[in-house]
Amino acid sequence: QVQLVESGGGLVQAGGSLRLSCATSGRAFMSYNLGWFRQAPGKEREFVAAFTWGGSSTYYADSVKGRFTISRDNAKNTVYLQMNSLKPEDTAVYYCAIQTSLTSARIKLNQAYNYWGQGTQVTVSS
């Protein structure tokens, strides 16, 4: 019904860059929220970045602000996470998720998201 497919992960050295993609299908998401989350070994899944697809506001975790940028390509129903100045602590499985909400009140809460992709591994070596 709803599909989210992440891609673009891989191995990169500290200071390098990667761009993750999340292709969406099965529903029109123009009025919903989309978030990127990550989960490192032994840690809880944490918020990374998000936006309200129908708006212009973006949200970032303090740990990635100034280094990561979330963007969209409406024609392709695809969202991106540009990751610059990568650090070893950015190593994690990265997930994109859709929240069927009309507001941003819970945009940073993974429990509030309805649909998840399979994740893509990002490994940053030092």
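Everything below is about the structure shown above.
Residues numbered from 1 in each chain as written. Predicted model: local features only at pLDDT ≥ 70, side-chain atom pairs only at ≥ 80, totals over all residues. Heavy atoms only, no water.

Chemist: So what about the nonpolar core? Which residues, and what values?
Modeler: Core analysis: the largest hydrophobic core is formed by 34 residues, its most contacted members being W36, L81 and Y94. For this core, the secondary-structure elements that each account for two or more residues are β3 (18-25), β4 (33-39), β5 (46-52), β7 (68-73), β8 (78-83), β9 (92-99) and β11 (120-125). When near neighbours in sequence (up to four residues on either side) are disregarded, Y94 contacts E6, L20, W36, F37, R38, V48, F68, L81, M83, G119, T120 and V122. (Core = buried A, V, L, I, M, F, W, Y, C linked by side-chain atoms within 4.5 Å. Buried < 20%, exposed > 50% of the residue type's maximum accessible area, 1.4 Å probe, protein only. Helix = DSSP H or I, 4+ residues; strand = E, 2+ residues; numbered from the N terminus. Contact = heavy atoms within 4.5 Å.)

Chemist: Talk me through unusual backbone geometry; I want residue IDs and the actual numbers.
Modeler: Positive phi is not limited to glycine here, since N77 has a value of about 50°. In this structure, N77 sits in the loop between β7 and β8. Residue classification places N77 among the partly exposed positions, given a relative accessible area of 34%. Non-glycine residue S85 carries a positive phi angle of around 50°. Along the chain, S85 falls in the loop between β8 and β9.

Chemist: For the packing of aromatic side chains, give the residues involved together with the corresponding values.
Modeler: Evaluation of the coordinates by the stated rule reveals five aromatic pairs. Arranged with centres 5.0 Å apart and planes meeting at 75°, the rings of F37 and Y113 form a pair that is edge-to-face. Separated by 76 residues along the polypeptide, F37 in strand β4 and Y113 in the loop between β9 and β10 (115-116) bring together distant segments of the chain. Pair check on accessibility: F37 and Y113 agree, each one buried. Plain terms: the ring middles of Y113 and W116 are 6.1 Å apart, the flat faces sit at 55° to each other, and that makes the pair tilted. (Phe/Tyr/Trp six-rings, centres within 6.5 Å; stacked < 30°, edge-to-face > 60°.)

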